[in-house]
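Summary of structural features
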Amino acid sequence: MSAGAPGSSTVAEAYASCEALTREAARNFSYGIRLLPAEKRGALSAVYALARRLDDIGDGDLPAEEKLAGLAKVRADIRALDTNSSDPVMVALADTARRFPIPIEAFIELTDGVESDVHGATYETFEDMVGYCRLVAGTIGRLSLGIFGVEGSAGDARAAEIADALGVALQQTNILRDVREDLLNGRIYLPSTELEKAGVTLTVDAAGRLGAPEDALVDYLRDCAVRADEWYTRGLALLGLLDRRSAACCGAMAGIYLRLNRRIRQDPTAVLERRLSLPGWEKAVVAARSLAGRSEARAA
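Definitions and limits used
- Residues numbered from 1 in each chain as written.
- Predicted model: local features only at pLDDT ≥ 70, side-chain atom pairs only at ≥ 80, totals over all residues.
- Heavy atoms only, no water.
- UniProt positions renumbered as here; feature names shortened; annotations may be inferred.
- Helix = DSSP H or I, 4+ residues; strand = E, 2+ residues; numbered from the N terminus.
- Phe/Tyr/Trp six-rings, centres within 6.5 Å; stacked < 30°, edge-to-face > 60°.
- Buried < 20%, exposed > 50% of the residue type's maximum accessible area, 1.4 Å probe, protein only.
- Contact = heavy atoms within 4.5 Å.
- Polar contact = N/O pair within 3.5 Å; in protein donor to acceptor, adjacent residues only side chain to side chain.
- Domains from an automatic or database assignment.
- Buried area = accessible area lost by both parts, 1.4 Å probe.
- Salt bridge = Lys/Arg side-chain N within 4 Å of Asp/Glu carboxyl O.
- Core = buried A, V, L, I, M, F, W, Y, C linked by side-chain atoms within 4.5 Å.
- pLDDT = per-residue confidence, 0-100.
- 1 Å grid on protein atoms, 1.4 Å probe; cavity = no way out; pocket = protein on both sides within 12 Å on 5 of 7 lines; lining within 4 Å.
- Points joined across faces, edges and corners; volume = space filled by probe spheres on them.
- Nonpolar A, V, L, I, M, F, W, Y, C, P; charged D, E, K, R; others polar.
- Expected span 1.5 Å × (residues − 1).

- Looking at an unreviewed UniProt entry, one finds the chain named Phytoene synthase and attributed to Parafrankia irregularis.
- Per UniProt, the chain carries the Pathway (unreviewed entry) text "Carotenoid biosynthesis; phytoene biosynthesis."

Here it is, written out as C-alpha cells:
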C-alpha cells in the first residue's frame with residue numbers, strides 16, 4: 001500500500017492531526033463536530049483545519065506582502081490537492097474531496113475573503129457586507145453541507161442556498177461580537193451607510209470602551225442582532241434536510257452562535273468592553289439539546 005493510498009496510515013494520521021487541531025482550537029465548532037460519526041467528523045475537521053490556517057494567515061502579525069504570499073500558496077495547494085502531499089491538512093482534504101461532494105472552489109472564495117481583510121476592505125452597504133459574509137462563512141456552510149449530505153428529495157441548489165444563509169447568519173454574529181476587537185485591529189465590517197444613518201462613528205475611549213455615542217451604538221447593534229436573527233430563521237431550515245447526527249452537529253454549532261446573537265440583542269452593552277462568549281458548560285448544553293433534536297431556534 002502506497003503512503004498516499006486511501007486508508008493508509010498517512011491518511012489516517014492526517015485526519016488525526018486535523019481532529020486534534022479542531023479539538024484544541026475550534027472553541028465553538030468542536031461541540032458540534034464531535035456529534036458526527038467518525039468519517040464525517042474527520043472530513044469536517046479537515047475543512048476546519050484549512051479554514052483555521054487561512055484565518056491565522058489573515059489575522060497574524062506578518063507584513064501584508066507575506067500574508068498575500070501565504071494566501072497565494074494556499075490557493076495553489078487547494079488546486080493541486082493530492083493525498084501524496086507532505087502537508088497533513090492537504091492530505092486529509094484530498095481524501096475528503098474523494099469521499100464527499102464538497103465544492104472545492106469554496107475554499108478559493110474563502111481565501112478571497114481573507115485576502116480582502118489583508119487589504120483592509122470596508123463595506124458601504126449591508127449587501128456589500130453580506131457579500132463578504134458569503135465569502136468567509138457561507139463557503140463553510142456549503143462545504144459542511146457536502147459532508148452532511150441532504151436527506152430526501154430536497155434539491156442540492158436549495159440546500160446550498162440555505163447553508164449559505166446560515167453561514168451569513170453566523171458571520172453577522174461574529175461581526176457584532178467582535179466589533180470592538182476588530183476596531184482595535186483597524187477593521188470595520190459594519191456598513192458605513194448604516195453607521196452614518198445611525199449617527200455612529202466607532203471609537204474606543206481611553207478606558208477601552210467602545211462608543212460613538214454609546215446610546216446610538218447600542219440601538220444600532222440591537223437592530224443588527226434582530227436582523228441577524230432573521231437570517232438564522234432562514235438558515236436553520238437546513239436542519240430539516242439533514243440526517244439526525246448531521247442535524248445535531250449543525251444545530252449545535254449554529255445554536256451556540258444563535259445564543260450569542262440573542263444575548264447581544266437583549267443587551268448590546270455586553271460587547272462594548274469585551275469579546276462575548278459562552279462558558280464551556282453552556283456550549284455543552286446546546287450540544288446536548290441538539291443531539292436530542294431540540295433546536296435553539298425554539299428558545300425564547
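Re unusual backbone geometry
- Put simply, Ala-212 and Pro-213 share a cis peptide bond, and its omega is -5°.
- Within the secondary structure, Pro-213 is located in the loop between strand E2 (210-211) and helix H11 (214-235).
- At Ala-212, a residue that is not glycine, the phi angle is positive and equals roughly 150°.
- The residue Ala-212 is located in the loop between E2 and H11 in this model.

Some remarks on the packing of aromatic side chains
- Per the counting criterion, the structure on display carries five aromatic pairs.
- Each ring, one from Phe-29 and one from Tyr-257, has its centre 6.0 Å from the other, and the planes form 45°; the classification is tilted. Remark: Tyr-257 occurs in helix H12 (residues 244-266) and Phe-29 occurs in helix H2 (residues 29-33); sequence separation between them is 228 residues.
- Here Phe-29 falls in the partly exposed class, since its relative accessible area comes to 23%.

Some points on the environment of Gly-113
- One can find Gly-113 in helix H6 (residues 105-118).
- Assessed through its relative accessible area of 0%, Gly-113 is described here as buried.
- Other than its neighbours up to four places away in sequence, Gly-113 contacts Tyr-132, Leu-135 and Val-136.

Points about the side chain of Thr-96
- Following the sequence through the fold, Thr-96 ends up in helix H5 (residues 88-99).
- For Thr-96, a relative accessible area of 0% puts it in the buried group.
- Here Tyr-15 takes part through its side chain, which lies 3.1 Å from a polar atom of the side chain of Thr-96.
- Beyond its immediate sequence surroundings of up to four residues, Thr-96 is in contact with Tyr-15, Ala-43, Ala-46, Ile-102 and Ile-147.

Brief notes about the domain arrangement of the chain
- The assigned domain composition of the chain is domain 1 (9-100) and domain 2 (121-299).
- Computed from C-alpha atoms alone, the centre-to-centre distance between domain 1 and domain 2 is 22 Å.
- Taken together, the contact pairs 18 residues of domain 1 with 24 residues of domain 2.
- Summing both partners gives a buried area of about 1800 Å² for domain 1 against domain 2, and 66% of it is carried by carbon and sulfur.
- The largest contributions to the domain 1 side of the interface with domain 2 come from Asn-28, Tyr-31 and Leu-35, which together make up 37% of the buried area.
- As a salt-bridge pair, Arg-187 and Asp-59 come within 2.9 Å of each other at their nearest N and O atoms.
- Linking domain 1 to domain 2 there are nine residue pairs in polar contact (both at pLDDT 80 or more).
- Elements represented by at least two residues in the side of domain 1 that touches domain 2 include exactly H2 and helix H3 (38-59).
- Top contributing element to the side of domain 1 that touches domain 2 by residue count: H3, with seven residues.

As for the nonpolar core
- Ranked by size, the top nonpolar core spans 98 residues in total, and within it Leu-44, Leu-190 and Leu-238 carry the most contacts.
- Inspection of this core shows a minimum of three residues originating in each of domain 1 (9-100) and domain 2 (121-299).
- Non-local contacts of Leu-190, meaning those with residues more than four positions away in its chain, are made with Tyr-123, Met-129, Ile-175, Leu-176, Val-179, Leu-195, Tyr-220, Leu-221 and Cys-224.

Describing the confidence of the model for the chain
- Looking at the chain, the pLDDT average stands at 91 and 93% of residues meet or exceed 70.
- When mean pLDDT is compared element by element in the chain, helix H10 (residues 192-197) scores highest at 98, while helix H13 (residues 280-291) scores lowest at 87.
- In this model, residues 1-7 is a region of pLDDT below 50 whose contacts with residues beyond four sequence positions or in other chains number 11 contacts.

Quick word on empty space enclosed by the protein
- All chains considered together, the criterion is met by one cavity of 30 Å³ or more.
- Looking at the largest cavity, its volume works out to about 40 Å³.
- Surrounding the largest cavity, Met-129, Gln-172, Leu-176, Leu-190, Cys-224, Arg-227 and Ala-228 form its lining.
- Those elements that provide at least two residues to the lining of the largest cavity are helix H8 (156-177) and H11.
- Looking at side-chain class alone, the lining of the largest cavity contains five nonpolar, one polar and one charged residues.

Considering H8
- Along its 22 residues, H8 runs 32 Å from first to last C-alpha, staying within 8% of the 32 Å computed at 1.5 Å per residue.
- Burial analysis of H8 places 17 of its 22 residues in the buried class, the great majority of the element.

Structural notes on the environment of Asp-59
- One can find Asp-59 in helix H3.
- Taking the C-alpha atoms as reference, Asp-59 lies 27 Å from Arg-227; in sequence the two are 168 residues apart.
- Excluding its chain neighbours within four sequence positions, the residues that come into contact with Asp-59 are Lys-67 and Arg-187.
- Polar contacts involving the side chain of Asp-59 include one to the side chain of Arg-187, which spans 2.9 Å.

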